[in-house]
Amino acid sequence: MFVDTAKVLVQAGKGGDGAVSFRREIYVDKGGPDGGDGGRGGDVIFVATEQLNTLLNFRYKPELRAKDGGAGSKRNKHGRSGEPLSVKVPVGTLVKRDGHIIADLAVHGQQAIVAKGGDGGFGNAHFKSSVRQTPRIHELGEAGDEFEAELELKLLADVGLVGLPNAGKSTFLSVVTNAKPEIADYAFTTLVPNLGVADIDDGSVLIADIPGLIEGASEGKGLGDAFLRHVERTAVLLHLIAGTSDDVAGDYVTIRSELEKYSPELTQRPEVVALTKIDTLDDELIQMQVDEIKKVAPKAIIYPISSIAHKGTKELLRELRKVTEQTRLKEKESHAEEGDSDDVVVIRLPGEKLSESWSIELVDDVYHVTGEKIEKFARRTNYDNYDSLNRLRDIMKKMGIAHDLTRKGAVGDSRIQIGDSQEFPLFEQ
């Protein structure tokens, strides 16, 4: 069963808690702190493989969880790191979080950490100093990333077949490749995309047959709107038009219009037109049909073919291979010029200023503090531990947050909440 979209809960492992421990040995008086740190939680890693071509497995396994890190223990023993979870996905899989793409797995063997495990908490051995000989402070392990991932598969083919139902796409694919699509003389024979490799001369091209489009497909009519994503990465579109049609020009315009509505970028892709089923037409009628298409697409490259009679197919494949190679070369040169960077402009503060920045907002008598660095400390604080909570207050003082809170009207018993942590009073009560 072909499935090209899925949603799955992804949860990286939680970091292990740090330990509170003191040396207790027969000949060691007043042993110092020896609580070890917690281990880091496991990551969730997606790996692209050519051995899969569907997201079906994720329909039956909607949760992906990596292992938690182990807790620290006495004698400065660190907790074990959580085992990462490696998940195989088909080549061409996009991973989205809250609608934004976080991973694009387009090459066999490519890996991406889609959810990072939480850091382990420090044990009390970490907090020993000349003025703090017996610290009872320890940190909690940080929670790992957790979110609902949206998976979307886009087949990676060189050539994408588009055309109205019954234009001859499946027949063409079955003749020139090793694919075995269902073929019959009615619309919507193809219910799922089919892939096939066409060998030509000393090379080959990978062709994807997309279920037939109809007018209104981009708005959800017919089957095409669910599968148009699979032609977004192709190097060239092969537009098949039945030579037996009463309106070949109208057929051409209908498909081009649907491509434009779905994604204007699709209409910018190189295109080759195949006039199919010419075995039932004489030369004069074939030329008339070609001329009709030229009226609405003057620059179109048109190949009259008969898949059943194997007429014109080799010449068409040679053209598709040539255009594919040209397109891939241009894409490679374009990526090299851009340094493989994306178009997202990232504004960064110098050094660590970005991570150390914070903001404060008063809502319903609670001062809400947000900021990358302070939230990380807050997540690792044990609020039930007197010393741990006071350490968080000390960090707020050193970063200038406590001073900023008092400037904004906070007093000793004002309630503070950092990120999603629990509330606590600004000063020790």
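Residues numbered from 1 in each chain as written. Predicted model: local features only at pLDDT ≥ 70, side-chain atom pairs only at ≥ 80, totals over all residues. Heavy atoms only, no water.

**Quick notes on the overall build of the protein chain**
Note the cut-off: Runs of H or I in DSSP of at least four residues are treated as helices and runs of E of at least two as strands, each being numbered from the N terminus. Burial classes: relative accessible area under 20% of the type maximum marks a residue as buried, over 50% as exposed, and values in between as partly exposed (1.4 Å probe, protein chains only). To measure how exposed things are, a 1.4 Å probe is used in the Shrake-Rupley method; for residues, cover is taken only from the protein chains shown.
A tally of regular secondary structure across the protein chain gives nine helices and 18 strands. Counting only residues that meet the buried cut, the protein chain has 49% of its 429 residues in that class. For the protein chain, the exposed surface amounts to about 22,800 Å²; the carbon and sulfur share of it is 48%.

**Notes on the nonpolar core**
Inclusion rule: We define the nonpolar core as a collection of buried residues of types Ala, Val, Leu, Ile, Met, Phe, Trp, Tyr and Cys that are connected through side-chain atoms lying within 4.5 Å of one another.
V10, V44, F46, F58 and L151 are the most contacted members of the largest nonpolar core, which totals 27 residues. The dominant element in this core, judged by the number of residues it contributes, is strand β8 (residues 146-153), at four residues. Counting 21 residues, the second largest nonpolar core, distinct from the first, contains L161, L240, L317 and V323.

**Re the environment of G70**
Mapped onto the elements, G70 comes out in the loop between β3 (63-65) and β4 (85-90). A residue is classified by how much of its surface remains accessible, and G70, at 11% relative accessible area, is buried. In sequence terms G70 and G82 are 12 residues apart; their C-alpha atoms lie 6.9 Å from each other.

**Concerning the sheet that holds strand β7 (residues 111-115)**
Applicable threshold: The criterion for strand pairing is that DSSP finds at least two bridges linking the strands in question. In this analysis, axes come from line fits to C-alpha atoms, helices being fitted only over the stretch in contact, and the angle between any two N-to-C directions falls in the range 0 to 180 degrees.
Taking strand neighbours across the sheet as the criterion, the three strands line up as β4-β2-β7 in an open arrangement whose pairing is mixed. Looking along the sheet, the strands with just one partner apiece sit at the ends: β4 and β7. Adjacent strand axes in the sheet meet at a mean angle of 35° when their direction is disregarded.

**Brief notes about unusual backbone geometry**
Here the phi dihedral of R75 falls at roughly 60°; this positive angle occurs in a residue that is not glycine. Turning to its location among the elements, R75 is positioned in the loop between β3 and β4.

**Comments concerning the side chain of D34**
Quick note on the threshold: Any pair of nitrogen or oxygen atoms within 3.5 Å is treated as a polar contact; in protein, a donor-acceptor pairing is required on top of that, and neighbouring residues in sequence qualify only through side-chain atoms on both sides.
Along the chain, the position of D34 falls in the loop between β1 (5-11) and β2 (44-49). A distance of 2.7 Å separates a polar atom in the side chain of D34 from a polar atom in the side chain of S21.

**Focus on the side chain of E142**
Heads up, the condition is: Whether two residues are in contact is decided by their heavy atoms: any pair within 4.5 Å suffices.
By the element assignment, E142 lies in the loop between β7 and β8. A distance of 2.4 Å separates polar atoms of two side chains, one belonging to E142 and the other to R379. With residues near it in sequence (within four places) discarded, E142 still touches K14, G15, G118, D119, K376, R379 and R380.

**Overview of the sheet that holds strand β5 (residues 93-97)**
Pairing in this open sheet of five strands is mixed, and the strands run β3-β1-β8-β5-β6 from one edge to the other. Two strands in the sheet have a free side with no partner beyond their single neighbour: β3 and β6 (100-105). Here the average twist between neighbouring strands, direction ignored, is 30°. Sheet topology note: the β5/β6 ladder contains five bridges and is antiparallel. Opposite T93, over in β6, you have L105 as the bridge partner.

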